[in-house]
Amino acid sequence: MIPVRSVDDVMEMAHSYQKSMALFVALRLDVFSALAGGAADARALARGLSADPRNLSILLNAMVAAGLLAKAGENYRNTAVAQEVLSDGPRSMRSILLHHLNCWEEWTGLEKKIRGGRRGSGRPPDYQENFIRGMEDNSRERAALVAGRIPLRAGERVLDLGGGPGTYAVEWAKRYPDAEVTVFDTPETLRVTRKILREKGASRLVRLQEGDFLKDPLGGPCDFIWISQILHAYSEKDCLFLLRKVRQALAPDGRVAVQEFLLEESKTAPLGPAFFSVHMAAMTEGGRAYSASEVVSMLRAAGFRNVSADRPDHRGVRIVSGQVS
Ligand SMILES: C[S@@+](CC[C@H](N)C(=O)[O-])C[C@H]1O[C@@H](n2cnc3c(N)ncnc32)[C@H](O)[C@@H]1O
């Protein structure tokens, strides 16, 4: 094993479960044996494996990103290592790998076992606290970079939609004291946000607005709406609905910026967003990672103009911006 030497190594170690489960599910479905005889597309595979074609294609793309499958056009095939050890055959390792999948259940109860107790069920009570504080961990460094790249004009009204811990909102509010910056999020999340803002001494810098952005009015008019790491939790239909609502909440010269882990057009790279897409398929009803051109198309369909995407950072994070007029 490679020793952990940096924050990236720690994050890689923490996210490893996503690669394990994606591989286990592909094995359980027996994707690699289904491809042992030759290439096939997601639809044909889904029929043969009794799977959902959309979610199966997300999984297959991640397997391509991981180097276990290759893709030409719409067709997938096993790479040499997958053909040898993951499909049926004399050197197959399927049984021991499926045994490890059978151990997974026990692993989820590991903490309780270590504590000497028994396993329970449901979300742990600190789920939302860790989730929202985790968003702060993720965005701490990037917020300064983003606020430097997206300047505000005097006195602008900014809405950080699904702003979570408010990391980006606070960064803009600090740089532009005359801006009116609001974090819109659910009551459950804003309970945690309030604590984080108090701890940072930033409670007075931003306004908090409770609501469900799909159901409740967004307020406005706003000059700038920031939508960071939100779309991936929702289907294309819900994203488009939300972006239309966002456009309605903007002033006539308002602008929008969407930040996401974006896939390349093949949807098989980069590795991080490809696995993140599997994570969203597992965690949400309709979510997945999108490609830059998908987000560009959604913004255009919502009525935005001058839509363009910037270059990805080392984790595949990109910003797609647009204007009302
Ligand atoms: C992945 S976090 C991103 C947080 C922050 N924008 C960032 O980039 O660090 C998603 C946030 O969206 C919020 N959210 C998700 N669905 C929502 C909804 N329907 N209405 C309001 N907020 C929502 C969550 O509570 C959470 O704070």
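Reading the values: the criteria
- Residues numbered from 1 in each chain as written.
- Predicted model: local features only at pLDDT ≥ 70, side-chain atom pairs only at ≥ 80, totals over all residues.
- Heavy atoms only, no water.
- Core = buried A, V, L, I, M, F, W, Y, C linked by side-chain atoms within 4.5 Å.
- Buried < 20%, exposed > 50% of the residue type's maximum accessible area, 1.4 Å probe, protein only.
- Helix = DSSP H or I, 4+ residues; strand = E, 2+ residues; numbered from the N terminus.
- Domains from an automatic or database assignment.
- Contact = heavy atoms within 4.5 Å.
- Axes fitted to C-alpha atoms, helices over the stretch in contact; angles between N-to-C directions.
- Parallel < 35°, antiparallel > 145°, perpendicular 65-115°, else oblique.
- Left-handed = near helix turned anticlockwise from the far one by under 90°.
- Nonpolar A, V, L, I, M, F, W, Y, C, P; charged D, E, K, R; others polar.
- Salt bridge = Lys/Arg side-chain N within 4 Å of Asp/Glu carboxyl O.
- Near = heavy atom within 4 Å.
- Polar contact = N/O pair within 3.5 Å; in protein donor to acceptor, adjacent residues only side chain to side chain.
- Areas by Shrake-Rupley, 256 points an atom, 1.4 Å probe, with all protein chains shown as cover.

Side note on the nonpolar core
Turning to step 1, where the next piece is worked out: In terms of nonpolar packing, the biggest core is built from 32 residues, with Val31, Phe32, Leu60, Met63 and Leu69 touching the most fellow members.
Turning to step 2, where the next piece is worked out: Contributions of two or more residues to this core are made by helix 1 (7-29), helix 2 (31-34), helix 3 (42-49), helix 4 (53-65), helix 6 (94-108) and helix 12 (271-283).
Turning to step 3, where the next piece is worked out: In terms of residues, this core owes the most to one element, helix 4, which gives 7 residues.
Turning to step 4, where the next piece is worked out: Both domain 1 (7-115) and domain 2 (128-323) contribute no fewer than three residues apiece to this core.
Turning to step 5, where the next piece is worked out: Among residues more than four places away in sequence, those in contact with Leu69 are Val31, Phe32, Leu35, Leu60, Met63, Val64, Tyr76, Arg77, Asn78 and Thr79.
Turning to step 6, where the next piece is worked out: One finds Leu243, Val246, Val258 and Val295 within the second-largest nonpolar core, a separate group that totals 30 residues.

Some thoughts on the packing of helix 4 against helix 12
Geometry of a packed helix pair, given as the angle between the helix axes and the separation of the axes.
Turning to step 1, where the next piece is worked out: Two numbers describe how helix 4 lies on helix 12: the axes approach to 9 Å, and their chain directions differ by 150 degrees. Taken together, helix 4 and helix 12 sit at an angle that is classed as roughly antiparallel. Seen along the crossing, helix 4 lies across helix 12 with a hand that is left-handed. The segment helix 4 lies against helix 12, with Asn55, Ile58, Leu59, Ala62, Met63 and Ala65 engaging Leu271, Ala274, Phe275, Ser277, Val278 and Ala281.
Turning to step 2, where the next piece is worked out: Across the contact of helix 4 with helix 12, the residue classes tally to 10 nonpolar, 2 polar and no charged.

Points about the pattern of salt bridges
Turning to step 1, where the next piece is worked out: Scanning all chains against the criterion turns up 21 salt bridges.
Turning to step 2, where the next piece is worked out: Between Glu136 and Lys200 there is a salt bridge; the shortest N-O distance is 3.1 Å. Placement of the pair is Glu136 in helix 8 (residues 127-149) and Lys200 in helix 10 (residues 187-200), with a sequence separation of 64 residues.
Turning to step 3, where the next piece is worked out: Across the salt bridge formed by Arg255 and Glu156, the nearest N and O atoms sit 3.0 Å from each other.

Looking at the site of the ligand
Turning to step 1, where the next piece is worked out: Near the ligand you find 18 residues, and of these Gly162, Asp185, Thr189, Ser228 and Tyr234 are the closest.
Turning to step 2, where the next piece is worked out: Backbone polar atom of Gly162 to a nitrogen atom of the ligand: 2.8 Å apart, as the coordinates give it.
Turning to step 3, where the next piece is worked out: At a separation of 2.6 Å, an oxygen atom of the ligand approaches a polar side-chain atom of Asp185.
Turning to step 4, where the next piece is worked out: Contact with the protein chains covers 89% of the free accessible surface of the ligand, which is 600 Å².
Turning to step 5, where the next piece is worked out: Residue composition of the shell around the ligand, by class: 7 nonpolar, 9 polar and 2 charged.

Quick word on the side chain of Thr268
Turning to step 1, where the next piece is worked out: Looking at where Thr268 falls in the secondary structure, it is placed in the loop between strand 8 (250-261) and helix 12.
Turning to step 2, where the next piece is worked out: With a relative accessible area of 13%, Thr268 lands in the buried category.
Turning to step 3, where the next piece is worked out: The contact partners of Thr268, leaving out residues within four places of it in the chain, are Asn61, Val64, Ala65, Lys71 and Ala274.

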